[in-house]
Amino acid sequence: MSTYHPFSNEEAIAYVKEIPNFFSEESNLVCREIGDGNLNLVFHISDQNTAKSIIVKQALPYAKVVGESWPLSLDRARIEREALQIQHNLSLGHVPIVYAYDEELALTVMEDLSDHVIMRQGLINGEQYPLFAEHIGEFLANTLFYTSDLALNPVDKKEQSKKFINPDLCKITEDLIFEDPYHISDNNNYPVTIEDEAQSLRDNLDLHLEVALLREKFLTQSQALLHGDLHTGSIFVTQTSTKVIDPEFAYYGPMGFDIGAVIANLILNYVAQPGWNDSELAVQEKEAQLLLTVANVWKQFESSFRALWNKDVQDLMARTPGYQDLYITRVLQDTVGFAGCKIIRRIVGLAHVADIDTIVSVDLKEVAQRKALAIGKQLILNHRHISSIEELLRIVQDTNPTSRQGATS
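The rules we used
Residues numbered from 1 in each chain as written. Predicted model: local features only at pLDDT ≥ 70, side-chain atom pairs only at ≥ 80, totals over all residues. Heavy atoms only, no water. Helix = DSSP H or I, 4+ residues; strand = E, 2+ residues; numbered from the N terminus. Rg over C-alpha atoms; globule rule 2.2 N^0.38 Å. Buried < 20%, exposed > 50% of the residue type's maximum accessible area, 1.4 Å probe, protein only. Pairing = 2+ DSSP bridges. Contact = heavy atoms within 4.5 Å. Axes fitted to C-alpha atoms, helices over the stretch in contact; angles between N-to-C directions. Salt bridge = Lys/Arg side-chain N within 4 Å of Asp/Glu carboxyl O. Domains from an automatic or database assignment. Buried area = accessible area lost by both parts, 1.4 Å probe. 1 Å grid on protein atoms, 1.4 Å probe; cavity = no way out; pocket = protein on both sides within 12 Å on 5 of 7 lines; lining within 4 Å. Points joined across faces, edges and corners; volume = space filled by probe spheres on them. Nonpolar A, V, L, I, M, F, W, Y, C, P; charged D, E, K, R; others polar. Polar contact = N/O pair within 3.5 Å; in protein donor to acceptor, adjacent residues only side chain to side chain. Lys, Arg positive; Asp, Glu negative; His and termini not counted.

## Looking at the overall build of the protein
- Broken down by element type, the protein carries 14 helices and 12 strands.
- On C-alpha atoms alone, the protein measures out to a radius of gyration of 21 Å, which is about the 22 Å that the 2.2 N^0.38 rule sets for 409 residues.
- C-alpha extents for the protein along the principal axes are approximately 65 × 55 × 40 Å.
- For the protein, with 409 residues in total, the buried portion stands at 56%.

## Here we look at the sheet that holds strand 10 (residues 235–237)
- Strand order in the open sheet formed by three strands is 8-10-11, and the pairing between neighbours is antiparallel. The sheet is open, and its two borders are formed by strand 8 (117–118) and strand 11 (242–244), each paired with just one other strand.
- Pairing analysis gives two bridges linking strand 8 to strand 10, with the strands arranged antiparallel. Bridged to I118 within strand 10 is F236.
- Relative to the sheet, helix 4 (residues 132–145) contacts strand 10 and strand 11, its axis offset from that of strand 11 by approximately 35°.

## What about the pattern of salt bridges?
- The final tally for this structure, using the stated rule, is 23 salt bridges.
- Note that R76 and E248 form a salt bridge whose closest N and O atoms lie 3.2 Å from each other. Note that R76 is positioned in helix 2 (residues 75–90) and E248 in the loop between strand 11 and strand 12 (251–253), a separation of 172 residues in sequence. For the pair R76 and E248, one class covers both residues: buried.
- A salt bridge links R370 to D196; its shortest N-O distance comes to 2.8 Å. Note that R370 is positioned in helix 13 (residues 362–382) and D196 in helix 7 (residues 195–203), a separation of 174 residues in sequence.

## Some words on the domain arrangement of the protein
- Domain boundaries assigned for the protein yield domain 1 (20–111) and domain 2 (117–398).
- If you average the C-alpha positions of domain 1 and of domain 2, the two centres end up 25 Å apart.
- Counting residues at the interface gives 25 residues for domain 1 and 28 residues for domain 2.
- Counting the surface lost from both domain 1 and domain 2, the interface buries some 2,200 Å², and carbon and sulfur atoms represent 64% of this.
- Counting across the interface, domain 1 meets domain 2 through three salt bridges.

## Looking at empty space enclosed by the protein
- Applying the stated criterion across every chain, the model contains one cavity of 30 Å³ or more.
- Volume-wise, the largest cavity comes out at about 40 Å³.
- In terms of lining, the largest cavity is formed by N40, K57, Q58, A59, R76, A77, E80, A106, L107, T108 and E248.
- Elements with a minimum of two residues in the lining of the largest cavity: strand 3 (53–59), helix 2 and strand 7 (107–111).
- Of the residues assigned to the lining of the largest cavity, the class counts are four nonpolar, three polar and four charged.

## Quick look at the sheet that holds strand 1 (residues 29–33)
- The five strands are arranged 1-2-3-7-6 in an open sheet whose pairing can be described as antiparallel. The open sheet has two free edges, formed respectively by strand 1 and strand 6 (98–102), since each of these has just one partner strand. Adjacent strand axes in the sheet meet at a mean angle of 20°, parallel and antiparallel pairs treated alike.
- For strand 2 (residues 40–47) and strand 3, the ladder comprises seven bridges, and the chain directions are antiparallel.

## Concerning the layout of surface pockets
- Of the voids in this model, the second largest pocket is the one considered here, and its volume is about 300 Å³.
- If you trace the second largest pocket, you find 19 residues lining it, with Q128, Y129, Q289, L290 and T293 closest to the centre.
- Of all the elements in the fold, those that place two or more residues in the lining of the second largest pocket are helix 3 (119–124), helix 4, helix 9 (255–272) and helix 10 (280–312).
- Of all the elements, helix 10 adds the most residues to the lining of the second largest pocket, at six residues.

## Thoughts on the environment of K57
- Its location among the elements puts K57 in strand 3.
- A residue is classified by how much of its surface remains accessible, and K57, at 6% relative accessible area, is buried.
- C-alpha separation for the pair K57 and I34, spaced 23 residues apart in sequence, amounts to 9.9 Å.
- Here D246 takes part through its side chain, which lies 2.7 Å from a polar atom of the side chain of K57.

## Observations regarding the side chain of K286
- By the secondary structure assignment, K286 is in helix 10.
- No salt bridge is formed by the buried K286; the nearest opposite charge belongs to E285, separated by 7.2 Å.
- Here G126 takes part through its backbone oxygen, which lies 2.5 Å from a polar atom of the side chain of K286.
- Excluding residues that lie within four positions of it along the chain, K286 makes contacts with G126, Q128, Q273 and N277.

Structure representation (structure tokens):
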């Protein structure tokens, strides 16, 4: 019987050789450890004879970004694998295939997406993905609707939700997104140039109230099975394909958290555009494209979600006239609030985004940081009063960054 230990390249090759009907006996396999940044080992294994390839992902019993002083449960590998399988079945091909897994070794073997690019890098490079909003809107609608009480028998939904109790990774989210940015914390990480903004986050009690309400929803509202960390670094794209990966933060929570994460990362790229384009016209064109994508993500989600509701809703009381409209409005409001929280944590928290951090100009980077924080605050402060996606777009367009001298809360 296998016992847990971190794999070597040779062990990863030996493991995938045992997967039926994938590599042939004549295969000449090579392996490289490519990592996923913060938490896991990831091995890319390919056959030099055919170029056929596969991915092996293995959880470590601690956060790789910090070390053994930050222990994590290996059960997150099971959670990720089961979420991948559920979301693959529901998402019309927008999630990679799982080929094999070993719970004791905390590893999952899955489809290689080397023919795709990480969306965050693609956006930084100025690429456009015309089908992304349609694809991710469909992914969100299908995975959220069919794992909710709207589509599942309440007993089945409760049984399924038990499988996705994810305390270690939820604790990371609870701290890094809903607490650390609003207090002095060793986990916070920001340049001294925006200390005034960080102080304003700590001092703004109106903001704290809204964050507390959003945190309460994250802690208590088990609406649907979430991806849990749906940023543009967890999405692989081509011009015709969108694939969502890395749902190890999956748990049952409020739908707007996933939708808000997608929108937040598009907004973070939006505020970074002056740092990536030399001409004002190019900046305006990119900003317009990104805002259109934000709008279309929500519109595709809403139209698909309503269609699924009208076709497959199982809860008889959910057919009550007016309930669907109220439900969708609440999801939109949650989306706006959670997007604001995600934006703020990516500027002052532990893990930033390359969209902003790799801007060469120190001055333009600071402007982007300040604009992101200003937008994030406004989204949080106004989220309970939002009734359309156009209102979110107006906040993004109309909010200006504070100056270092004129910073306000």
